[in-house]
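Topology and contacts: notes
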Amino acid sequence: MDLQAVATIYAFAVKVLQVFAMLFAFGLVVLVLYVVYLYLSDVSQTRQAIRRNFPVLGRFRYQFEHLGEFFRQYFFALDREEMPFNRAQRSWVYRAAKNVDSTLAFGSTRPLNQPGDIVFLNHPFPTLAKDAVPPREVTVGVGVARRPYTTRSIFNISGMSFGALSVPAVRALSRGAAKAGIWLNTGEGGLSPHHLEGGCDIVFQIGTAKYGVRDENGLLSDEKLKAVAAHEQVKMFELKLSQGAKPGKGGILPGVKVTPEIAHVRGIPVGMDSISPNGHPEFRHVDGLLDMIQRIREVTGKPTGFKCVIGNSDWLHDLCEAIQKRGPESAPDFINIDSADGGSGAAPQSLMDYMGLPLNRSLPMVVDLITQYGLRERIKIICAGKLLTPSMVAWALAMGADFVNCGRGFMFALGCIQAMQCNKNTCPTGVTTHNPDLQQGLDPMDKAERVYHYARNMAYEVGTIAHSCGVPEPRQLRRAHVEVINERGVPVPLSDLVPEVAPKSVIASDRGAH
Amino acid sequence: MDGVITLVGQGLYMAMAAVVGLGIARLLKRDNTLGCLIAGVLAGMLLPVFDYDTGLRAENLQQLVFFVILPVLIFEAAWKIDPDILFRWLGPILLLATFGVLVCWLLTAVLVYYGIQHPTGFPWIAALLTGAILAATDPVSIVTRMRQSRVNEGLRTLVEGESLFNDAVAIVLFSFVLGIASHSAMEGAEATGEAVAGAGSFALYLSVVFFGGLAVGTLCGLLTAIAILFLRSAGAALVVLVLAAFGSFYLAEHVVGVSGILSVMVCAIVSRACLREQQDTYLAHAAPTWEWLGLLFNALIFVIMGLVITFEMFTQQWLAMIVAIVAAIGARGLAVFMVSPLARFVGPPIPPSWRLVLSWGGLRGVIAVALVLSLPTDLPYWWTVQSMVFGVVLFSLLVQGTTSTRLMRKLGL
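Remember, it's a predicted structure, so these values are computed and weren't measured experimentally.

Let's talk about the overall build of chain B
For chain B, the helix and strand inventory stands at 18 helices and zero strands. Taken against the 2.2 N^0.38 rule, which gives 22 Å for 413 residues, the C-alpha radius of gyration of chain B at 20 Å falls within 12% of a compact globule. A principal-axis box enclosing the C-alpha atoms of chain B has dimensions of 55 × 55 × 50 Å. Per-residue burial for chain B yields a buried fraction of 53% across its 413 residues. Restricting to contacts in chain B with at least 6 residues of sequence separation, those with at least 24 account for 81%.

Right under this line is the structure:
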């Protein structure tokens, strides 16, 4: 009986072994044939020299090059060495968004002798908690627009179009922004129901292709503009002249990301590359720009400004002079200065890397310029460009900005891991992909909380910096509160480099007399 | 010597009919298949006038269909599909081609059996055989239209890939059921040496046939790629490809004793995927070659159908035909709509409008005719099955083929 059972088991085991032996033999034969095929295929192709000269082995190079990206990011990159955002910056955003403890120990890992870095000047008698006040309210378009916009918020969501961002990402931003009381800039991709669903304040961006407000010729349509302005949530309109990723080139949305819904919102065909012209065809000089702003403000009744990357500054003088001739009510209600280092968008590397001024040059330049022309109170300054940590936001405020916009910081809050595939529809975290399988990782409700926490913790910590400097609220930070490290590694006052300027009222009235 | 000359004459007669058929199709502005069918009927009518014998017999037809015609048709269909898109849609395609075909097969069999209600003249095994034959779809007319109108690449790949894979599965099922029906276990005789009995050995036999076919196909595909890369000539590559089509089938079916159809299919897919970089060099002439080969054999099958079809079929078997038509369309529709919702678990989801195209556009064409022509005449119900399948194919060509393009336009695809 027992022997029989043993014999059966034995027979079974032998059978299993035979099957596996056959599988192994088959696998081996296939492997050998595959290697032979790889060899012949490498030798006979003409496109890649490495594969032709070192058949089969040469393929490893491409594999390793691909894998190296991940190895470097996870194993070898130091905390402060990655670009565009290093791990120290990203970690702060992640911790702020998750609302967990953000304190560090055992000293700063930031080298405090790098030229160009900034330090804040603490006050011997910092603001006490009972003296701290919330940021002062700022009203944009006061006395000019029929419905001016008043807000306390300092740190807002920069323009990222629906199309570049996925549906769940926009929904999470909309809900999070509403809860935090900040505004959401739509980017140039038009206004979708997802922007509106959270109930947040919205700044509608008009791109060069006028997506969402275009007529059949691709020009600005007053009726559609009116329809957008009819939404109570839409608070301001922003005319986009250029964007940080690619000054001198229009927005690019690759065809794989133009789904039927996005095509509908933008008013363009499905599946085709959506490429904006590099400038507005309606105007070619500052007078045209002012006319356009006037027209939008008239049609919508809401504050209207423009967004651009600063390069050549002559035209800004022309602009300010034109404003002085026409009167201050003709001025844009705000100027949104974009730094030159690019955002989530797809852009040619040469424009991303080399075109336009970075914010630490362009922001003081524009602030000083409009101050000289006496327009500082009339025109509000918004700025954007890698300002995703409290120190950078506080720096921008000290420089003279009224508001700070941030795009990629909020993408990190949504779960972005800086895989840098925004233009490929393969975003692994679902932020910038329209692939439903990848989107399912991004839960709008959960991430809306993170967006809210990020904005709130940012405001809190910017406030902390302000209090350390001895002022009761962040909007009172001035250039005198900041020093910048010079080329010898020694901090020098920022006000030495970019001194505060006073209005040149004499010059202004002189010009007016002409 | 005389035999060869006779054979050449017979082949030419049918090829001539095929060319006439293509001409008829051009004049009538209908599918080529319909034209060839008419040409076949004409050729059949002319036979007594010339007192000529085509040499077609049920016995040799089976081998002709399986060893000559099917390899070309399957290889051509598999070669046409872009491997990259195929892999993206592989999940839904396999789902439809395995689960969907099984559901369709059983449903057709049940509907046909109870529709005919004649257990002695038309037993279960006949119903299952009919079901297997009618499970193979051939959406040639909508694929042609899709190629012209540049519709969604995904939909086209889904339709083409699904038809290719379900042809293969249906042929495996058909061979299996036929093996049981004729008690010889036709293929089983080579695989195991004995007739199959019992559920366990059924499953074993099927899996050996199935996976053996895949394995042989993989090896053949790799060898094909290696040979083409080694020969480094566009002309030699065509020779190797044609050899691969016939050879992989012969090797699997006749030498190893596993599924030849799966072998041919996998061979074509593997070699096409391996030779992606040689598309413009060694394979520059492959596409037109497969186009004319596929066209010729498609035409031949329908000429043969025209030769075999008789007027009595319609007078005596019209009821069975109607039953089969209803069963075929109903089963296909049910199967597609039952299985499609599951697609999102294994790959991209299939939108509802595509489901409609898949079910109504799933014509029964060349594979069904080829299979039914290969039925041995010693089965008592072969004539009934043949009439039914011919009926369904005719209905497909005349009604579904002409309306499915309109359906696509209406759905905005």
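A few points about the overall build of chain A
Along the backbone of chain A there are 18 helices and 15 strands. Taken along its principal axes, the extent of the C-alpha atoms in chain A is 115 × 60 × 50 Å. With 514 residues in all, chain A has 43% of them scored as buried. A separation threshold of at least 6 residues defines the contact pool for chain A, and within that pool the share at least 24 residues apart is 69%.

Quick notes on the interface of chain B and chain A
Of the residues lining the interface, 12 residues belong to chain B; the matching set on chain A comes to 11 residues. By residue number, the principal contributor to the side of chain B that touches chain A is helix α10 (residues 199–231) of chain B, which donates nine residues. Partitioned by chemical class, the residues of the side of chain B that touches chain A number nine nonpolar, one polar and two charged.

Here we look at the pairing of strand β6 (residues 201–206) of chain A
Residues and elements named next belong to chain A. Counted residue by residue, β6 has six buried out of six residues, so it is predominantly covered. Of the two faces of β6, both are covered, the one formed by Asp201, Val203 and Gln205 as well as the one formed by Ile202, Phe204 and Ile206. Note: strand β5 (residues 183–185) against β6, three bridges, orientation parallel. Following the sheet pairing, Trp183 is matched in β6 by Asp201. Sheet topology places β6 next to strand β7 (residues 234–240); five bridges connect them, and they run parallel. The partner of Ile206 across the bridge, within β7, is Leu239. One crossover worth recording links β6 to the parallel β7 by way of helix α7 (residues 222–229), and it is right-handed.

Considerations on the environment of A:Lys224
All names here are of chain A. Among the structural elements, Lys224 can be located in helix α7. Look at Lys224 and you get partly exposed, because 18 C-beta atoms sit within 10 Å. In this structure, the C-alpha to C-alpha distance between Lys224 and Asn457, residues 233 residues apart in sequence, is 37 Å.

Observations regarding the nonpolar core
Residues B:Met265 and B:Val303 are the most contacted members of the largest nonpolar core, which totals 154 residues. Per-element accounting of this core gives the leading share, 16 residues, to helix α8 (residues 153–181) of chain B. Not counting residues within four places of it along the chain, the set of residues in contact with B:Val303 comprises B:Met14, B:Ala17, B:Ala18, B:Gly21, B:Cys36, B:Ala39, B:Gly40 and B:Ala43. Ranked by size, the runner-up nonpolar core spans 112 residues in total, among them A:Phe237, A:Leu375, A:Trp395 and A:Cys406.

A word on helix α10 (residues 314–326) of chain A
Residue and element names in this part refer to chain A. Across its 13 residues, α10 extends 19 Å between first and last C-alpha, which sits within 8% of the 18 Å expected from 1.5 Å per residue. In this fold, the buried residues of α10 make contact with α9 (286–300) and α12 (359–372). The positive-phi residue at the C-terminal boundary of α10 is Gly327, with phi of around 105 degrees.

Digging into the domain arrangement of chain B
Residue and element names in this part refer to chain B. Taken as a whole, chain B is organised into domain 1 (1–55) and domain 2 (58–411). Using C-alpha coordinates to define each centre, domain 1 is positioned 24 Å away from domain 2. In this complex, domain 1 contributes 18 residues to the contact, which on the side of domain 2 involves 15 residues. Contributing elements (two or more residues each) for the side of domain 1 that touches domain 2: α1 (2–28) and α2 (32–50). A per-class count over the side of domain 1 that touches domain 2 returns 11 nonpolar, six polar and one charged.

Regarding the confidence of the model for chain B
Residue and element names in this part refer to chain B. The share of residues in chain B with pLDDT of 70 or more is 94%, and the mean pLDDT across the chain is 85. Segment residues 185–193 is flagged for pLDDT under 50; beyond a separation of four residues in sequence, or across chains, it makes 22 contacts in the model. Among the scores for the predicted complex, ipTM is 0.82 and pTM is 0.71.

Looking at the domain arrangement of chain A
Accessible area lost when the parts come together is the quantity often used to give the size of an interface. Taken as a whole, chain A is organised into domain 1 (2–76) and domain 2 (120–513). Domain 1 of chain A and domain 2 of chain A are separated by 52 Å when their C-alpha centres are compared.

Notes on unusual backbone geometry
Residue and element names in this part refer to chain A. In the Ramachandran plot, Val56 falls in the positive-phi region, its phi being about 65 degrees despite a non-glycine side chain. The phi torsion at Lys210 lies on the positive side, around 60 degrees, for a residue other than glycine. Residue Lys210 is classed as buried on the basis of its C-beta count, with 26 C-beta atoms lying within 10 Å.

Observations concerning helix α6 (residues 124–135) of chain B
Residue and element names in this part refer to chain B. The terminal C-alpha atoms of α6 lie 16 Å apart, and with 12 residues this matches the ideal 16 Å at 1.5 Å per residue to within 8%. Among the 12 residues that make up α6, 10 are buried, leaving the element largely enclosed by the rest of the structure. Within the span of α6, buried status applies to Ala126, Ala127, Leu128, Leu129, Thr130, Gly131, Ala132, Ile133, Leu134 and Ala135. Residues of α6 that are buried sit in contact with α5 (90–116), α8, α14 (311–339), α17 (366–373) and α18 (382–411).

So, the sheet that holds strand β14 (residues 482–485) of chain A
Residue and element names in this part refer to chain A. With respect to topology, three strands assemble into an open sheet ordered β1-β14-β15, the strand pairing being antiparallel. A strand with exactly one partner marks an edge of an open sheet, and here the two such strands are β1 (118–120) and β15 (491–493). Shown here is a sheet whose adjacent strand axes are inclined to one another by a mean of 35 degrees, direction ignored. Summarising the sheet, β14 and β15 pair through three bridges and their orientation is antiparallel. Across the sheet, Ile485 pairs through a bridge with Pro491, a residue of β15.

A word on the environment of B:Val357
Counting through the fold element by element, B:Val357 comes out in helix α16 (residues 352–360). Along the backbone, B:Val357 and B:Ile325 are 32 residues apart, and their C-alpha atoms lie at a distance of 18 Å.

Things to note about the packing of α8(B) against helix α12 (residues 260–274) of chain B
Residue and element names in this part refer to chain B. Running from N to C, α8 and α12 cross one another at 160 degrees; their axes reach a closest spacing of 8 Å. Put simply, α8 runs roughly antiparallel to α12. For the pair α8 and α12, the crossing hand works out as left-handed. On α12, the residues that touch Leu164, Ala168, Ile171 and Val172 of α8 are Ile261, Leu262 and Met265. Grouping the amino acids of the contact of α8 with α12 by side-chain chemistry returns seven nonpolar, no polar and no charged.

So, the environment of A:Gly374
Along the chain, the position of A:Gly374 falls in the loop between α12 and β12 (380–384). Considered as a pair, A:Gly374 and A:Pro503 are 129 residues apart in the sequence and their alpha carbons are 5.1 Å apart.

Considering the packing of α2(B) against helix α13 (residues 286–308) of chain B
If you want to describe how two helices pack, look at the angle between their axes and the distance between the axes. All names here are of chain B. Contact geometry of α2 with α13 gives a least axis separation of 7 Å together with a crossing angle of 45 degrees. Regarding the angle of α2 to α13, the classification is oblique. The two elements α2 and α13 meet at a crossing, and its hand is right-handed. Across the interface between the two elements, Asn32, Thr33, Cys36, Leu37, Ile38, Ala39, Gly40, Val41, Ala43 and Gly44 of α2 pack against Asn298, Ala299, Phe302, Val303, Ile304, Met305, Gly306 and Leu307 of α13. When its residues are assigned to classes, the contact of α2 with α13 shows 12 nonpolar, six polar and no charged.

Quick word on the pairing of strand β13 (residues 403–406) of chain A
Residues and elements named next belong to chain A. Judged by which residues are buried, β13 turns out to be covered on both faces: Phe403 and Asn405 on one side and Val404 and Cys406 on the other are all buried. In terms of strand pairing, strand β4 (residues 155–157) meets β13 through three bridges, oriented parallel. The residue bridging Phe155 from the neighbouring strand is Val404, located in β13. Bridge count for β12 against β13 is three bridges, and the pairing is parallel. For Ala384, the partnering residue across the bridge sits in β13 and is Asn405. This β-α-β element, β12 to helix α13 (residues 390–399) to β13, shows right-handed connectivity.

Basis of the calculations
- Residues numbered from 1 in each chain as written.
- Chains lettered and ligands numbered in written order.
- Predicted model: local features only at pLDDT ≥ 70, side-chain atom pairs only at ≥ 80, totals over all residues.
- Helix = DSSP H or I, 4+ residues; strand = E, 2+ residues; numbered from the N terminus.
- Rg over C-alpha atoms; globule rule 2.2 N^0.38 Å.
- Buried ≥ 20, exposed ≤ 12 C-beta atoms within 10 Å, placed from the backbone.
- Contact = placed C-beta atoms within 7 Å.
- Nonpolar A, V, L, I, M, F, W, Y, C, P; charged D, E, K, R; others polar.
- Pairing = 2+ DSSP bridges.
- Right-handed = clockwise from strand over helix to strand, strands pointing away.
- Core = buried A, V, L, I, M, F, W, Y, C linked by C-beta atoms within 7 Å.
- Expected span 1.5 Å × (residues − 1).
- Domains from an automatic or database assignment.
- pLDDT = per-residue confidence, 0-100.
- Axes fitted to C-alpha atoms, helices over the stretch in contact; angles between N-to-C directions.
- Parallel < 35°, antiparallel > 145°, perpendicular 65-115°, else oblique.
- Left-handed = near helix turned anticlockwise from the far one by under 90°.

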